[in-house]
Amino acid sequence: CLDRARRHGGWRWPERPTIFVSDPHADAEGFLRSLIAAGVIRRDGARIALTGFGRQARIILGGDSLDKGPSNLALLDALGAVRATGADLHILAGNHDLRMRMAIAALRGPRSALNEHLFARMGRKILPALREVYERFVTPEDMADLPGDAACRDWLLPRRDWASRFAAAAGADLRPAVIAKEVRKLEEKLGKFDRECARSGLSHREILAAALKCHEVFFEPGGSYAWFYDGMDVVSRSGSILFVHAGLCDAMCALLATGGPEAVNARYRAEGARASLGFYFGPLANLVRTKYRASDGDLTEAGVTALHRAGIHMVVQGHVNNHEGQRLRAKCGLLHLEGDVTLDRASRRLEGLDGIGAGATLILPTGDVIGLSRDYPRAKHFAPDRMS
């Protein structure tokens, strides 16, 4: 990978320090401690202020702001507080952020075989967020407009004959194997649906009220958190480095090479606003979903070469969490830096890590890449210009 970078013009480094923090998963404290560790903010009680270094820096949040750990709205409030300092903060989309968007959109507008299952398919992991939205935003007037609990449950779930109608409707966009897998996944999720709803502490009627309120809160102009999705990109570039939540495929490499990040982000915004399953399984959503599995979009020699010719030599990503700090890997012949260092407490408990996570990746104009993590005893240092 390093030889290939040299053959294609060498490394270009950002003009300003770039700080990458990824996958906070609704843990505001892990996110803020990461920015403190990176040296870009300081706290005095509840007050957040930029440091001198922070005023110089560009901060990239690498996706998956939502789901899992303690409070989605607290994390969004922390993002809002960092934005209010004047920080140059860029938010990238993650697969969990996309799932929220698709689950909410599926409950509004005309229902069809292609979308009526999406809340059950995508919505289980957003139930904690829905509870928070219900408690903070749903009013008695919102509840009065809804039917009884049984009717609301029917609204949340696909009709009984969904599988056959879906197979017929999806044939134009999805391969038979993908259709069969989607039907199997939905059957598994339906088996757990009522149990997961009960665990949330909300009735079906309250879940529907919260989901419909999410549209107002997140997607309508003037909504309390409309800025979150409005300002969201899916890729960002600094010098020879591309930032993305998960990874790439040949189609996105080609678009990056011809139109740059602006073209990719414009297409993601346009198609994500009306996200369908064709979108979810296509090359744009592959940017937030891929783990380079056989079922994911292909990244081949052609795509990697197109990137290098465009001057992109390394991907910095989230999505794949590590317990001992950042990790460099060659994937499909392209250098990747995995920057998800397990910040959220829910994941940490499940994976045997103690306390609250903290960590950040710093890419400096000097050509130095620094990885910080509370789960590794030293800073990690990568300086490709100085490696033979």
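Since the structure is predicted, the reported quantities are computational estimates derived from the model, not experimental observations. (Residues numbered from 1 in each chain as written. Predicted model: local features only at pLDDT ≥ 70, side-chain atom pairs only at ≥ 80, totals over all residues. Heavy atoms only, no water.)

Counting 103 residues, the largest nonpolar core has Phe31, Leu79, Phe119, Leu130 and Leu248 as the members making the most contacts within it. It is helix α12 (residues 204-219) that provides the largest number of residues to this core, a total of 8 residues. In this structure, Leu130 is in contact with Ile104, Phe119, Leu202, Ile207, Ala210, Ala211 and Cys214, ignoring residues within four places of it in sequence. Grouped together as the second largest cluster of nonpolar side chains are 16 residues, Trp11, Trp13, Leu92 and Leu337 included. (Core = buried A, V, L, I, M, F, W, Y, C linked by side-chain atoms within 4.5 Å. Buried < 20%, exposed > 50% of the residue type's maximum accessible area, 1.4 Å probe, protein only. Helix = DSSP H or I, 4+ residues; strand = E, 2+ residues; numbered from the N terminus. Contact = heavy atoms within 4.5 Å.)

Our next topic: the sheet that holds strand β7 (residues 235-238). Here we have 5 strands laid out as an open sheet, ordered β7-β8-β9-β11-β10, and mixed in their pairing. In this open sheet, the two strands that pair with only one neighbour each are β7 and β10 (327-331). Averaged over all pairs of adjacent strands, the angle between strand axes in this sheet comes to 30°, irrespective of strand direction. Note: strand β8 (residues 241-244) against strand β9 (residues 314-321), 4 bridges, orientation parallel. The partner of Val244 across the bridge, within β9, is Gln317. Sheet strands touched by helix α14 (residues 250-272): β7 and β8. Its angle to β7, the strand with the most contacts, is close to 120°. (Pairing = 2+ DSSP bridges. Axes fitted to C-alpha atoms, helices over the stretch in contact; angles between N-to-C directions.)

The next point concerns the sheet that holds strand β1 (residues 18-21). Pairing is mixed in the open sheet, where 7 strands are placed in the order β6-β5-β4-β1-β12-β13-β14. Either end of the sheet is taken by a strand with one partner, and the two such strands are β6 (232-233) and β14 (380-382). Relative to strand β13 (residues 369-373), strand β12 (residues 359-363) runs antiparallel, the two being bridged by 5 bridges. The residue of β13 that forms the bridge with Ile363 is Val369.

Moving on, we come to helix α17 (residues 301-309). Among the residues of α17, Gly303, Val304, Thr305, Leu307 and His308 are the ones counted as buried. Summarising the contacts, the buried residues of α17 are in contact with α1 (2-7), α14 and β11 (334-340). A positive backbone phi angle near 90° is found at Gly311, which sits one or two residues after α17.

If you walk through the whole model with that rule in mind, you get 13 aromatic pairs. A centroid spacing of 6.2 Å and a plane angle of 90° characterise the contact between Trp227 and Phe228, whose relative ring orientation is edge-to-face. An aromatic cluster is defined as three or more aromatic residues linked by ring pairs; in this entry it consists of Phe137, Phe218, Phe219, Tyr225, Trp227, Phe228 and Tyr229. One Lys or Arg, Arg289, reaches over the ring of Tyr280 and ends 4.4 Å from the middle of that ring. Note that Lys380 overlies the ring of Tyr376, its terminal NZ or CZ placed 4.4 Å from the centroid. (Phe/Tyr/Trp six-rings, centres within 6.5 Å; stacked < 30°, edge-to-face > 60°. Lys NZ or Arg CZ within 6 Å of the ring centre and 35° of its normal.)

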